[in-house]
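# Fold and geometry: a report
Now for the letters of each chain:
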Amino acid sequence: MCSEINRHKNGTEWRNFYGRFKGKSLSPAQSEALLTQYEKYSLENISWDENPQRKKIKLSEIFREKSVWLEIGFGGGEHLIHQAKLNPDIGFIGCEPYQNGVAKLMGKLSANPCQNIKLYDGDVRNIFDVLAKNSISKVFLLYPDPWPKKRHHRRRFVTQEFLAPLYETMKPGSILRIATDIEDYVRQALQEVPRAGFQWLAKDASDWRTPWQDWVSTRYEIKALKEERTPHYLTFIA
Ligand SMILES: C[S@@+](CC[C@H](N)C(=O)[O-])C[C@H]1O[C@@H](n2cnc3c(N)ncnc32)[C@H](O)[C@@H]1O
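Rules used throughout
Residues numbered from 1 in each chain as written. Predicted model: local features only at pLDDT ≥ 70, side-chain atom pairs only at ≥ 80, totals over all residues. Helix = DSSP H or I, 4+ residues; strand = E, 2+ residues; numbered from the N terminus. Rg over C-alpha atoms; globule rule 2.2 N^0.38 Å. Buried ≥ 20, exposed ≤ 12 C-beta atoms within 10 Å, placed from the backbone. Contact = placed C-beta atoms within 7 Å. Near = placed C-beta within 6 Å. Nonpolar A, V, L, I, M, F, W, Y, C, P; charged D, E, K, R; others polar. Expected span 1.5 Å × (residues − 1). Bend = angle between axes of the 7 residues up to and from the residue. Core = buried A, V, L, I, M, F, W, Y, C linked by C-beta atoms within 7 Å. Pairing = 2+ DSSP bridges.

## Thoughts on the overall build of the protein chain
- In terms of helices and strands, the protein chain carries nine helices and nine strands.
- Against the globule reference of 18 Å for 238 residues, the protein chain gives a C-alpha radius of gyration of 17 Å, in line with a compact fold.
- By principal-axis analysis of the C-alpha atoms, the protein chain measures approximately 45 × 45 × 40 Å.
- Buried residues in the protein chain amount to 34% of all 238 residues.
- For the protein chain, contacts bridging at least 24 residues in sequence account for 78% of all contacts bridging at least 6.

## Thoughts on the site of the ligand
- Around the ligand sit 21 residues, and of these Gly73, Gly75, Tyr143, Thr218 and Tyr220 come closest.
- Of all the elements, helix 9 (residues 219-226) adds the most residues to the shell around the ligand, at three residues.
- Residue composition of the shell around the ligand, grouped by class: 11 nonpolar, five polar and five charged.

## Notes on the environment of Val186
- Mapped onto the elements, Val186 comes out in helix 7 (residues 183-195).
- With 17 C-beta atoms counted inside 10 Å, the residue Val186 sits in the partly exposed group.
- When sequence neighbours within four positions are dropped, the list of residues in contact with Val186 reads Thr180, His232 and Leu234.

## Describing helix 1 (residues 28-41)
- Between the first and last C-alpha of helix 1 there are 20 Å, a value that for 14 residues agrees with the 20 Å anticipated at 1.5 Å per step.
- Of all the bends in helix 1, the greatest, near 35°, is centred on Leu35.
- Looking only at helix 1, the buried set comprises Ala33, Leu34 and Gln37.

## Some remarks on the nonpolar core
- In terms of nonpolar packing, the biggest core is built from 53 residues, with Ile93, Cys95 and Val139 touching the most fellow members.
- If we skip the residues at most four places from it in the chain, Cys95 touches Leu70, Glu71, Ile72, Gly73, Phe74, Tyr120, Val124 and Ile127.

## Quick notes on the sheet that holds strand 8 (residues 199-200)
- Spatial ordering of the open sheet is given by 5-4-3-6-7-9-8, a layout of seven strands whose pairing is mixed. One side of each edge strand has no neighbouring strand; the edge strands of this open sheet are strand 5 (117-120) and strand 8.
- As paired strands, strand 3 (residues 67-72) and strand 6 (residues 136-142) are joined by four bridges and run parallel to one another. From the neighbouring strand, Trp69 faces strand 6, where its bridge partner is Lys138.

## Observations regarding the environment of Gly75
- On the secondary structure map, Gly75 appears in the loop between strand 3 and helix 3 (78-86).
- Taking the C-alpha atoms as reference points, Gly75 and Trp215, 140 residues apart in sequence, are found 16 Å from one another.
- Setting aside anything within four residues of it in sequence, one finds Gly75 in contact with Glu96, Gly101, Thr218, Arg219 and Tyr220.

## Quick word on the pairing of strand 3
- Taken across its six residues, strand 3 has five buried, putting it largely inside the fold.
- Of the pairings in the sheet, the one linking strand 3 to strand 4 (residues 90-95) comprises six bridges and is parallel in character. Across the sheet, the residue bridging to Ile72 is Cys95, located in strand 4.

Below is the structure:
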């Protein structure tokens, strides 16, 4: 992930995005779920095209719940649904640009609807643009893309380009959870996240080794465990 802003010849802006929007073809059931369900859950008016002035959105008009939590890159959405069901009084924004992930979640939501979820199928930076300061009460960044090559570390989420606007959108005293199985990602997170204003809450090693009490393993965590990589659970306060 990287956040340079570029300009087309006609003056319009675009951002570099190094993730994937599309993977292998969707199954007929996934396409159907995406077509019939997504609109119901969509957080509208936040893409650059639809909202060129990047007007702030009013969360109180979108959610009847008072507090709003954000999951960045929800993958197949297993953790997002788990948290939304566990916390019916919280509104959830799930952000995932990868269409196959969104389609997977749509399949789950058509079988098991969740009223307190809204989705955005694009780059989370577009959400930061339109969220008011101090509006989000908890953020989950679970197994973000590792970008293992050194020259690609600047694409990681744990860079100031992502962390500074994230910090602005979070309420003072709110919690940022990061899970990763990549040791070098932990190093960069512990260096960069505090630089953005957060404080790491760990007191001893058990803090980052022990999953959160309300945790459910994501697809990437299951893969990491199978491949014998160690999950790290980092908790920061804004
Ligand atoms: C390694 S996957 C982890 C998925 C899921 N959290 C899990 O643990 O199974 C990282 C996810 O982050 C998403 N992602 C990448 N760049 C993003 C961005 N700029 N905004 C939001 N999500 C992004 C990817 O599409 C991908 O699904």
